[in-house]
Amino acid sequence: MTTDENAKAVYTPTIGVAGQYEVYEWHGNVRGSASNVKYTINHADGATTKTVNQQRDYSQWNYLGSFNFSRGTSGNITVSAQGTDGIVQADGIMLVFGE
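Remember, it's a predicted structure, so these values are computed and weren't measured experimentally.

*Asks:* I keep staring at the pairing of strand E2 (residues 19–26) and nothing clicks. Help me out?
*Replies:* Sheet faces and side chains relate simply in a regular strand, where the side chains alternate between the two faces. In this structure, E2 lies alongside strand E5 (residues 62–69), joined through seven bridges in antiparallel fashion. Residue Tyr24 lies in a different strand from E5, and its bridge partner there is Tyr63. As defined by bridge partners, E2 adjoins strand E7 (residues 92–97) across six bridges and the pair is classed as antiparallel. Note on E7: the bridge partner recorded for Glu25 is Ile93.

In structure tokens:
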């Protein structure tokens, strides 16, 4: 957890099988959480940014989208505190292979 605007967390999975993966994030219930946390998913087709309100939907896996990932470690998910209005959490990222 942080309120440092320069802070970020980068999750870099090792992808064994290239293909579509559903991406989920997890955050807890923390007083003062930010309502505008940016998640940037760097995938085989480019980069996609999603905004998550960490004041809601806590203590569960929250769907960010389905993205094409190449084999290896070229893709990642970045959680950024820049420009947020509260405490930012970077608790967990889950990728689920689709096809």
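*Asks:* What exactly am I supposed to notice about the sheet that holds E5 here?
*Replies:* Hydrogen bonds between backbone groups are what pair the strands of a sheet, and the pairing can be parallel or antiparallel. Read from one edge of the open sheet, three strands run E5-E2-E7, paired in antiparallel fashion. The sheet is open, and its two borders are formed by E5 and E7, each paired with just one other strand. Averaged over all pairs of adjacent strands, the angle between strand axes in this sheet comes to 25 degrees, irrespective of strand direction.

*Asks:* Could you clarify how one ought to interpret the packing of aromatic side chains in this entry?
*Replies:* Aromatic rings in a pair are described by how distant their centres are and how their planes are angled relative to each other. Within this structure, the stated rule accounts for four aromatic pairs. Here the aromatic rings of Tyr21 and Phe69 are separated by 6.0 Å at their centres, their planes lie at 85 degrees, and the arrangement is edge-to-face. Note that Tyr21 is positioned in strand E2 and Phe69 in strand E5, a separation of 48 residues in sequence. Exposure class is identical for Tyr21 and Phe69. Each is buried. An aromatic cluster of at least three residues, connected via ring pairs, comprises Tyr21, Phe69 and Phe97.

Procedures and definitions
Residues numbered from 1 in each chain as written. Predicted model: local features only at pLDDT ≥ 70, side-chain atom pairs only at ≥ 80, totals over all residues. Heavy atoms only, no water. Pairing = 2+ DSSP bridges. Helix = DSSP H or I, 4+ residues; strand = E, 2+ residues; numbered from the N terminus. Axes fitted to C-alpha atoms, helices over the stretch in contact; angles between N-to-C directions. Phe/Tyr/Trp six-rings, centres within 6.5 Å; stacked < 30°, edge-to-face > 60°. Buried < 20%, exposed > 50% of the residue type's maximum accessible area, 1.4 Å probe, protein only.

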